[in-house]
Amino acid sequence: MSKIKFTLGDKLIFAILVAGSLFWIIVINPIIFADTEPQVVQLIQGGEVKAEYSLETLMREEQIRVESEAGYNVIKISEEGVSVISASCPDQLCMTTRITHANQSIVCLPNKLIIKIKGKAEVDEIVY
Ligand SMILES: [Zn+2]
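So, a few notes on the structure that sits alongside this text. (Residues numbered from 1 in each chain as written. Predicted model: local features only at pLDDT ≥ 70, side-chain atom pairs only at ≥ 80, totals over all residues.)

**Let's talk about the overall build of the protein**
The condition is simple: The way it works is that DSSP assigns letters per residue, a run of H or I at least four long becomes a helix, a run of E at least two long becomes a strand, and they are numbered from the N terminus. We call a residue exposed when 12 or fewer other C-beta atoms sit within 10 Å of its C-beta, buried when the count reaches 20 or more, and partly exposed for counts in between; the C-beta positions come from the backbone. Once C-beta atoms are placed from the backbone, any two residues with those atoms within 7 Å are in contact.
Along the protein, the regular secondary structure elements total one helix and eight strands. Taken from the N to the C terminus, the helices and strands of the protein come in the order α-β-β-β-β-β-β-β-β. By residue count, 14% of the 128 residues in the protein fall in the buried class. Partitioning the contacts of the protein with sequence separation of at least 6, the portion at a separation of at least 24 is 35%.

What follows is the structure, encoded as structure tokens:
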């Protein structure tokens, strides 16, 4: 009798452990690591993704010059975030924003440019 009880207890503990680890993997894990997923900076021009830069593999500060029919933007990507350091647009609004986290974006309306941080890369290829 005591033997059976012991086995049931073992099974119960095992079930709790399995449930616990499943709970950890499915529920807790994505919450804790949501912000540390590889972040990708996207340059979107005229509704098309022109380039992507992985923030994870970023070793040093990068400066990217984007040309359009309307003008240009010079984008700085560093560990402090993403910003526009120089632009030809008349309003210069894009130079007032700095983005650091996923789902934030900088928009330059005159140059039809959107600079966006994506939380996770959906595209396998990274175009440099
Ligand atoms: Zn602008």
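Let's pick the thread back up.
**Topic: the sheet that holds strand β4 (residues 72-78)**
We apply this condition: Strand pairing is defined by DSSP finding a minimum of two bridges between the two strands.
Taken together, the four strands give an open sheet; going across it, the order is β3-β4-β5-β6, and neighbouring strands pair in antiparallel fashion. The open sheet is flanked by β3 (62-67) and β6 (98-99), the only strands paired with a single partner. Bridge count between β4 and strand β5 (residues 81-87): six bridges; the pairing is antiparallel. The residue of β5 that forms the bridge with Val74 is Ser86.

**Overview of the sheet that holds strand β8 (residues 113-118)**
Short version of the rule: Angles shown run from 0 to 180 degrees and are taken between the N-to-C directions of axes, each axis being a line fitted to C-alpha atoms and, for helices, limited to the stretch in contact.
Read across the sheet, four strands follow the order β2-β1-β8-β7 without closing on themselves; strand pairing throughout is antiparallel. This sheet does not close on itself; its edge strands, each paired only once, are β2 (48-54) and β7 (105-108). Strand-to-strand twist of the sheet, defined as the mean angle between neighbouring strand axes without regard to direction, takes the value 15 degrees. Inspection of the sheet shows strand β1 (residues 40-45) paired to β8 by six bridges, in the antiparallel sense. Bridging from a neighbouring strand, Gln45 pairs with Leu113 of β8.

**Brief notes about the nonpolar core**
To keep it simple, the criterion reads: By our criterion, buried Ala, Val, Leu, Ile, Met, Phe, Trp, Tyr and Cys residues that link up through C-beta atoms within 7 Å make up a nonpolar core.
One finds Val41, Val82, Val84, Ile106, Cys108 and Ile115 to be the most contacted residues of the largest nonpolar core, which totals 15 residues. Counting residues per element, the ones that place at least two in this core are β1, β4, β5, β7 and β8. For Cys108, the contacting residues outside a window of four places in its chain are Asn73, Val84, Ala87, Cys89, Cys94 and Leu113.

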